[in-house]
Amino acid sequence: MAASAKTIPLESSNAISDWTVVLPRRGKQRKSFLKSKHPEQNQHPWAPTDLEMDLNRESKLMEKIQMCMKKLENSTFYHVLLDQVQSPHVLEAFLRVLGSESKMQMMVYGIGIIESYEPPRLQLSLAMLLKRKFSRIGDMEVFDPILSATESRLLENLGCSVLSVNEQGQRQASKPALFFMPHRQAELYDHLVPAN
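Residues numbered from 1 in each chain as written. Predicted model: local features only at pLDDT ≥ 70, side-chain atom pairs only at ≥ 80, totals over all residues. Heavy atoms only, no water.

**Q** Could you clarify how one ought to interpret the nonpolar core in this entry?
**A** Soluble globular proteins: nonpolar side chains tend toward being buried together. Counting residues in hydrophobic clusters, the biggest one holds 36 residues, and the most contacted among them are Met106, Val108, Leu124, Leu130, Met140 and Leu155. Elements with a contribution of two residues or more to this core: helix H2 (55–73), helix H3 (76–85), strand E4 (104–109), helix H5 (118–133), strand E5 (137–143), helix H6 (149–157) and helix H7 (186–195). In terms of residues, this core owes the most to one element, H5, which gives 6 residues. Ignoring anything within four residues of it in the chain, the contact list for Val108 reads Ala127, Met140, Glu141, Val142, Phe143 and Phe180. (Core = buried A, V, L, I, M, F, W, Y, C linked by side-chain atoms within 4.5 Å. Buried < 20%, exposed > 50% of the residue type's maximum accessible area, 1.4 Å probe, protein only. Helix = DSSP H or I, 4+ residues; strand = E, 2+ residues; numbered from the N terminus. Contact = heavy atoms within 4.5 Å.)

See the structure below:
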């Protein structure tokens, strides 16, 4: 893949040098992939299996999310991440990727069961905080096939769109996009990377 993708090196001798921005591939390889594969054929309509929305559960979950956001906002991890992302080298690379676009969409795949476990709530909180901090992040779409109706409604109340189609990670980004997948199975990456 390295030979078929253009990368923007970030020259720096500190932790920022660990960041690499990969631009979309061009040429025959991408065109032949798009002609031979039709990702939309593997997409299936999706809806939460429980269909039951519980306002009490939703309220408690909102409180948990707000606590996670505060916890994360006060963490060393979050401040180090912000320092890295706000460095001139990384910001310049993001602006180059954006080109003439004013915002990039954020796609959150595989967030997990946010109602029952703290790690998915922290991951969602990080995505929400990044969107809040960086005005260049536009619409936020979320999908996980295990989301409940209560979780889906909460996400919509937080300003996210919950996809009604399971794309199997095969979304082709026609505009600049940020894919937020902090803890997913390799299969999802195997679908996403060739599509882009």
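**Q** Which parts of the structure should I look at to understand a nonpolar patch on the surface?
**A** Nonpolar side chains collect at one region of the surface, where Ile113, Tyr117 and Ile146 lie side by side and expose about 280 Å² of accessible area between them. Inspection of the secondary structure assignment puts Tyr117 in the loop between E4 and H5. (Patch = residues over 30% accessible without salt bridge, like charges linked within 9 Å, V, L, I, M, F, W, Y side chains within 5 Å. Areas by Shrake-Rupley, 256 points an atom, 1.4 Å probe, with all protein chains shown as cover. Salt bridge = Lys/Arg side-chain N within 4 Å of Asp/Glu carboxyl O.)

**Q** Even after reading the chapter, I still don't get the sheet that holds E4, so can you show me in this structure?
**A** Within a sheet, adjacent strands bond to each other through the backbone by hydrogen bonds, running parallel or antiparallel. Spatial ordering of the open sheet is given by E6-E5-E4-E8, a layout of 4 strands whose pairing is parallel. Every other strand in the sheet has two partners, leaving strand E6 (161–162) and strand E8 (177–180) as the edge strands with one partner each. Sheet topology note: the E5/E6 ladder contains 2 bridges and is parallel. Within E6, the position partnered with Val142 by the bridge is Val162. Running over the sheet, H5 touches E4, E5 and E8 and is turned about 160 degrees from E5. (Pairing = 2+ DSSP bridges. Axes fitted to C-alpha atoms, helices over the stretch in contact; angles between N-to-C directions.)

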